[in-house]
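Tertiary structure, described
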Protein chains: 2
Amino acid sequence: MSPMPTEDRIWLAALALFARQGFAGTSTREIADASGLTAGSLYHYMGSKDDLLEQVMLGGMTGLLEAAAAVVAATEQPPQRLVSLVQLHVAVHARHRLEAKVVDREIEQLPPATRKRIGAMRDEYEGVWRGVVSAGIDAGDFGVADARLATLALLGMCTEVATWFRPKGPLTPEALGLEFAQMTLSLLRAGRSGVPLTVADLEVPAVGPFIAAYERRGGYGMVGAKAASRRGA
Amino acid sequence: MSPMPTEDRIWLAALALFARQGFAGTSTREIADASGLTAGSLYHYMGSKDDLLEQVMLGGMTGLLEAAAAVVAATEQPPQRLVSLVQLHVAVHARHRLEAKVVDREIEQLPPATRKRIGAMRDEYEGVWRGVVSAGIDAGDFGVADARLATLALLGMCTEVATWFRPKGPLTPEALGLEFAQMTLSLLRAGRSGVPLTVADLEVPAVGPFIAAYERRGGYGMVGAKAASRRGA
DNA sequence: GTCTATAAGCCGATAGAC
DNA sequence: GTCTATCGGCTTATAGAC
């Protein structure tokens, strides 16, 4: 087995520590220890502790936005779109739960400029969901009245997956996404003329490619951005 | 207007700072500044920064557990029970969103002994919900198959309220709780022989007394526990 | 590419004056 | 009850040897 590159060891160590203890609760020495380095050596790979967080957040949000765009491009009707968005969000929050937890909880730790940028991306992502829910209500696909409230409820239930999912649990990320998609349709009272709509009734594209779209840019593996980070600084 | 007691100013300042920046991201000097004191004076009121967090978490979880017990005592059928649990949880997470956010996110920051204690309380609370969902499935009130999954989904959607609720928004905490209760029944596919059950069909006790049960012990106002904290130390 | 050594500053907490 | 002053330790980050 080939030894893991130092960059990746740092990335994974930081992700695990930030997810468990929070960004502010993690010292550079802890990251160094967990990576098998000393504190000073860390700065050969990263610009600063802040830069490291910025890259985690930017990578995660970029991946999520691009994957959501892929979902919208591959589907047309609100029910299919929403089912795919939920499957994607849940599977990503299960497969990459450490990264997702950091992205979801550490926005306030970013320096103001970056915080605004990430906040805007978060708003855009939420807007995609709300747009689909709204369109579904207008088209008579969903029986709920308040699109904003339903969207917030759905995002909440899907996002919290990152806090409780365990890889050794009974369900794979993809199977979990399917279960949550069904609960989503129930919550929205999806259906027409009193006949409930279930996931089984729908032709839904496979989630795999959407998860792949997330991992293409959103996953780890681009830690070698120290140069880019220094250029930006 | 009577000036706010120093204890309460410290409590509210710490709550606001812990909620926004996290426990680890907040210094005792910041708490002191926001309370109109110097760092040293803080220790006339608290044993340590850890003690302060412990009191927030213990107070919040105790309040939630006692209020949930009041719900269980005041209702009998699973649908009513769950509707009341959701109304309570949502209204408390809206009315006391700073405290709720801290309780929900800062468990890992506690020293191990306290962490275990709070973790056990959290498990107990989740167990109450799961028990009601399970009982409802067994009784034929709910159409979902997996009680564990449904419970996690519901707790997730209700807990996230603390992150997005704004007091100046369109809904009061109580009205929001009612909307979430309805979405809960939909998600669970509540009803019998194909006829959906709505909140309007149920006789549900008023939430007010349950919220009051939370606030009796769970709210702020018992900061004067420095003595108690010192006794314990 | 990794180390040691260290700078400069903030941290939680205490002592003691008033 | 609040202050000032301060301790020892830990923080992020850099410099320079190897």
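Note: the structure precedes this text.
This report concerns the structure included in the present document. (Residues numbered from 1 in each chain as written. Chains lettered and ligands numbered in written order. Predicted model: local features only at pLDDT ≥ 70, side-chain atom pairs only at ≥ 80, totals over all residues. Heavy atoms only, no water.)

All right, on to the overall build of chain A then. Helix and strand counts for chain A stand at eleven helices and two strands. Tracing chain A from N to C terminus, the helices and strands come up as α-α-α-α-α-α-α-α-α-β-β-α-α. Radius of gyration (C-alpha) of chain A: 19 Å, near the 17 Å computed for a compact globule of 233 residues. Projected onto its principal axes, the C-alpha coordinates of chain A cover approximately 65 × 40 × 30 Å. Classification of the 233 residues of chain A by burial places 52% in the buried group. (Helix = DSSP H or I, 4+ residues; strand = E, 2+ residues; numbered from the N terminus. Rg over C-alpha atoms; globule rule 2.2 N^0.38 Å. Buried < 20%, exposed > 50% of the residue type's maximum accessible area, 1.4 Å probe, protein only.)

Lining the immediate environment of DNA strand D, one finds 16 residues, of which Thr28, Arg29 and Lys49 of chain A together with Thr38 and Tyr45 of chain B sit closest. By atom count, sugar and phosphate contribute 65% of the portion of DNA strand D lying within 4 Å of the protein. At 3.5 Å from a phosphate oxygen of DNA strand D is found a main-chain nitrogen or oxygen belonging to Thr26 of chain A. One of the side-chain N or O atoms of Tyr45 of chain B is found 2.4 Å from a phosphate oxygen in DNA strand D. Grouping the amino acids of the surface near DNA strand D by side-chain chemistry returns three nonpolar, ten polar and three charged. (Near = heavy atom within 4 Å. Polar contact = N/O pair within 3.5 Å; in protein donor to acceptor, adjacent residues only side chain to side chain. Nonpolar A, V, L, I, M, F, W, Y, C, P; charged D, E, K, R; others polar.)

Within this model, the second largest pocket holds a volume of roughly 530 Å³. For the lining of the second largest pocket, the elements supplying multiple residues, two or more each, are helix H9 (173–187), strand S1 (191–192) and strand S2 (195–196) of chain A together with helix H9 (173–187), strand S1 (191–192) and strand S2 (195–196) of chain B. Among the residues forming the lining of the second largest pocket, the class breakdown is ten nonpolar, eleven polar and four charged. (1 Å grid on protein atoms, 1.4 Å probe; cavity = no way out; pocket = protein on both sides within 12 Å on 5 of 7 lines; lining within 4 Å. Points joined across faces, edges and corners; volume = space filled by probe spheres on them.)

The next point concerns the relation of the copies chain A and chain B. When chain A is fitted onto chain B, the two copies agree to an RMSD of 0.0 Å after a turn of 180 degrees and an axial shift of 0.0 Å. Accordingly, the operation relating the two chain copies is best matched by a two-fold axis. The overlap is high: 100% of the interface residues of chain A also sit at the interface in chain B, so the same surface is used on both sides. (Least-squares fit on C-alpha atoms with pLDDT ≥ 70 in both. Contact = heavy atoms within 4.5 Å.)

To continue, consider the interface of chain A and chain B. Contact with chain A, which involves 27 residues of that partner, is made by 28 residues of chain B. Both faces combined, the contact of chain A with chain B buries some 2300 Å², and carbon together with sulfur accounts for 67% of it. Together, Leu149, Trp164 and Met183 of chain A form the three largest contributors to the area buried by chain A at its contact with chain B, with a combined 22%. Taken together, chain A and chain B are joined by four residue pairs in polar contact (both at pLDDT 80 or more). At the level of elements, helix H1 (6–21), helix H5 (97–105), helix H7 (147–159) and H9 of chain A are the ones that each hand at least two residues to the side of chain A that touches chain B. Residue composition of the side of chain A that touches chain B, by class: 13 nonpolar, six polar and eight charged. (Buried area = accessible area lost by both parts, 1.4 Å probe.)

The subject of this paragraph is empty space enclosed by the protein. All names here are of chain A. Within the structure shown, the criterion is met by six cavities of 30 Å³ or more. Taken as a whole, the largest cavity holds about 90 Å³ of empty space. In this structure, the largest cavity is lined by Met61, Leu64, His89, His93, Val103, Asp104, Ile107, Ile118, Arg122, Tyr125, Leu155 and Thr159. Elements with a minimum of two residues in the lining of the largest cavity: helix H3 (49–74), helix H4 (78–95), H5, helix H6 (112–138) and H7. Among the residues making up the lining of the largest cavity, the classes are represented as seven nonpolar, three polar and two charged.

Let us now look at the nonpolar core. Ranked by size, the top nonpolar core spans 138 residues in total, and within it Phe180 of chain A together with Phe180 of chain B carry the most contacts. Leave out the neighbours within four places in its chain, and Phe180 of chain A touches Val86, Val90, Met157, Cys158, Val161 and Trp164 of chain A together with Leu149 and Ala153 of chain B. (Core = buried A, V, L, I, M, F, W, Y, C linked by side-chain atoms within 4.5 Å.)

Residues and elements named next belong to chain B. On the secondary structure map, Gly131 appears in helix H6 (residues 112–138). Under the relative-accessibility criterion, Gly131 is labelled partly exposed at 37%. Considered as a pair, Gly131 and Val207 are 76 residues apart in the sequence and their alpha carbons are 20 Å apart.

Glancing now at the environment of Ala120 of chain B. Along the polypeptide, Ala120 of chain B turns up in helix H6. Spatially, the C-alpha atoms of Ala120 of chain B and Ala94 of chain B are 24 Å apart, while their sequence positions differ by 26 residues.

What follows covers the protein's contact with DNA strand C. Around DNA strand C there are 14 residues in total, and Thr38, Ser41 and Tyr45 of chain A together with Thr28 and Tyr43 of chain B lie nearest to it. A breakdown of the atoms of DNA strand C within 4 Å of the protein gives sugar and phosphate a share of 68%. One nitrogen or oxygen atom from the main chain of Thr26 of chain B is found 3.4 Å from a phosphate oxygen belonging to DNA strand C. Between DNA strand C and Thr28 of chain B there is a distance of 2.7 Å, counted from a phosphate oxygen to a backbone nitrogen or oxygen. Residue composition of the surface near DNA strand C, by class: three nonpolar, nine polar and two charged.

In this section: the pattern of salt bridges. A pair can form between side chains of opposite charge whenever their charged atoms are brought close. All names here are of chain A. Considering all chains together, one arrives at ten salt bridges over all chains under this definition. The salt bridge partner of Asp141 is Arg192, with a shortest N-O separation of 3.0 Å. Residue Asp141 is found in the loop between H6 and H7, and its partner Arg192 is found in strand S1; the two are separated by 51 residues along the sequence. Overall, the relative accessible area of 9% leaves Asp141 in the buried class. Three or more residues joined by partner-sharing salt bridges are found here, namely Arg95, Glu174 and Glu215. (Salt bridge = Lys/Arg side-chain N within 4 Å of Asp/Glu carboxyl O.)

In short, geometric facts, not functional conclusions.
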